[in-house]
Amino acid sequence: MSEIKLTKPAARALHLAAQEMLGPPRRRAAKADVLAAIRRMGMLQIDTISVVARSPYLVLWSRLGDYEPAWLDELLAEGALFEYWAHEACFLPIEDYGLYRHRMLDPEAMGWKYSATWMRERAAEVQALLAHVRDNGPVRSSDFERSDGKAGGWWEWKPEKRSLEVLFTAGELMIARRHNFQRIYDLAERVHPSWRDEHTPLSEVRRSFVLQAVRALGLARASWIPDYHRTRRPHPDPAALADEGLLLRARVEGWDEPVYIHPDHAELAQRAAMGDLRPSLTTLLSPFDPIVWDRRRALELFGFDYRLECYTPAAKRQYGYFTLPILRRGALVGRVDAKAHRKAGEFEVRSIVLEPGVRLSERFVADVAAAIDRCARWHGCPTVRISHALPDALAAQLRAKLGS
């Protein structure tokens, strides 16, 4: 196959197609679609912030439309998914468990020195906790009373919580299920009883991560690949994998270095090059969506400079606490700072700010209003309130479309 040449819009379309974000869903989602979406992405990042739906549920909504969030919890409890550290803490397809065993067996090599230190310095406590789980069954962090005299908070975990997390990182414990999004820990051999440790060379694992990342992204510059699974050096050279026929090379207009495409997407890439992939989806994205979680990639591919500001002091925030990027027909056109007031049935758009140069049109406003309305109704909020918009004219136009 001759080298594929892509325009920037075609490259974006290929990326979105690989993420199943080219157009709206063609049918109502089923439970199997949740697992299929996670397999397509390779992982689903976990975050607990809940001003709107928690991130993993929102990422799935962006792809599937209206679906039942409980399906994600059920798939974890049924063993189709497991939790571990991938890009960050993630839900992962159970068939990929073996790819992460190296991290579990040698967390210090991943830079997680605190795990090794805690296991060494608190060995008796850790083993006692492990024995408790073995004898008494699954546990939650909340099952243990605070005994160290310190206040709570994620930055000041009680010792039992730290031990549970260290045992989880080491692969001794797994997450059996979640209840109200709280982790329930159990012995790995009870959660995943069919697993038998096998020696997979680390070099093969690293190659697998490269191939999986490129397939999930649709196309990838070499510099984008390590971030997807947060792999450590040495990184396999995608050019060498292309020489072996495991990846395809392509060129994007305006970029000096090649991009890489998984052979599974060869036909999609050809269609993208011919202009046959036409993005039509308008939706809101989680800050932890694979499309935007790599700030450099979002800037290079979409020209969208995005940073999550929930960890930024309020006075220094530019856009808001938990802004949701707006994906509109293949472009990232703005961001929404929203809050779902579920008891009141109101979806508050505290702020919506469009990117410089975005032109307001009847169709544009209709697309964005419909995306906000769908998101609000999925949250159980039939009323949408627009508090602030930039440009100023957008607020009135959205209110007219939304009837608010």
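- Under the annotation held in an unreviewed UniProt entry, the protein chain carries the name Winged helix DNA-binding domain-containing protein and is attributed to Massilia phyllostachyos.

### Some words on the overall build of the protein chain
Then, in step 1: Of the regular secondary structure elements, the protein chain holds 16 helices and 14 strands.
Then, in step 2: For the protein chain, the proportion of its 404 residues judged to be buried stands at 53%.
Then, in step 3: When contacts within the protein chain are restricted to residue pairs at least 6 apart in sequence, those whose partners lie at least 24 apart make up 64%.
Then, in step 4: Here the protein chain has roughly 18700 Å² of accessible surface; of this, 49% comes from carbon and sulfur atoms.
Then, in step 5: In the protein chain, the 59 positive side-chain charges and the 53 negative ones have mean positions that sit 4 Å from each other.

### Topic: helix H7 (residues 123-136)
Then, in step 1: Along its 14 residues, H7 runs 20 Å from first to last C-alpha, staying within 8% of the 20 Å computed at 1.5 Å per residue.
Then, in step 2: Lining the buried residues of H7 we find helix H6 (113-121), helix H8 (159-169), strand E5 (173-179), strand E6 (182-187) and helix H9 (188-191).
Then, in step 3: After H7 finishes, the residue glycine 137 shows a positive phi value of roughly 95°.

### Describing the sheet that holds strand E1 (residues 4-6)
The strands that make up a sheet are held in pairs by hydrogen bonds between backbone atoms, and each pair lies either parallel or antiparallel.
Then, in step 1: Read from one edge to the other, the open sheet built from three strands follows the order E1-E7-E8, with strand pairing classed as mixed. On the outer flanks of this sheet lie E1 and strand E8 (259-261), each paired with one strand and no other. Mean inter-strand twist for the sheet, computed between neighbouring axes without regard to direction, equals 40°.
Then, in step 2: With respect to the sheet, helix H1 (residues 8-18) is in contact with E1, strand E7 (248-252) and E8, its orientation differing from that of E1 by roughly 105°.
Then, in step 3: Of the strands in this sheet, E1, E7 and E8 touch helix H13 (residues 266-273), which is tilted by about 50° from E1.

### Some thoughts on the packing of helix H3 (residues 55-64) against helix H15 (residues 362-378)
Then, in step 1: Direction vectors running N to C along H3 and H15 enclose 130°, while the axes themselves pass 12 Å from each other. Here H3 lies oblique to H15, going by the angle between them. Handedness of the crossing formed by H3 with H15: right-handed. Counted together, Tyr57, Leu58 and Trp61 of H3 and Ala371, Arg374, Cys375 and Trp378 of H15 form the full contact between these two elements.
Then, in step 2: By residue class, the composition of the contact of H3 with H15 is six nonpolar, no polar and one charged.

### Points about the side chain of glutamate 355
Then, in step 1: Looking at the element boundaries, glutamate 355 is found in the loop between strand E12 (346-354) and H15.
Then, in step 2: In this structure, glutamate 355 is in contact with Gly303, Phe304, Leu332, Val333, Gly334 and Arg335, ignoring residues within four places of it in sequence.

### Comments concerning the pairing of strand E13 (residues 383-386)
Then, in step 1: Here E13 shows a clear split, with Val384 and Ile386 buried on one side and none of Thr383 and Arg385 buried on the other.
Then, in step 2: Of the pairings in the sheet, the one linking E12 to E13 comprises four bridges and is parallel in character. Following the sheet pairing, phenylalanine 347 is matched in E13 by valine 384.
Then, in step 3: For the crossover from E12 across H15 to E13, the handedness is right-handed.

So, how was this worked out
Residues numbered from 1 in each chain as written. Predicted model: local features only at pLDDT ≥ 70, side-chain atom pairs only at ≥ 80, totals over all residues. Heavy atoms only, no water. Helix = DSSP H or I, 4+ residues; strand = E, 2+ residues; numbered from the N terminus. Buried < 20%, exposed > 50% of the residue type's maximum accessible area, 1.4 Å probe, protein only. Contact = heavy atoms within 4.5 Å. Areas by Shrake-Rupley, 256 points an atom, 1.4 Å probe, with all protein chains shown as cover. Lys, Arg positive; Asp, Glu negative; His and termini not counted. Charge placed at Lys NZ, Arg CZ, Asp CG, Glu CD. Expected span 1.5 Å × (residues − 1). Pairing = 2+ DSSP bridges. Axes fitted to C-alpha atoms, helices over the stretch in contact; angles between N-to-C directions. Parallel < 35°, antiparallel > 145°, perpendicular 65-115°, else oblique. Left-handed = near helix turned anticlockwise from the far one by under 90°. Nonpolar A, V, L, I, M, F, W, Y, C, P; charged D, E, K, R; others polar. Right-handed = clockwise from strand over helix to strand, strands pointing away.

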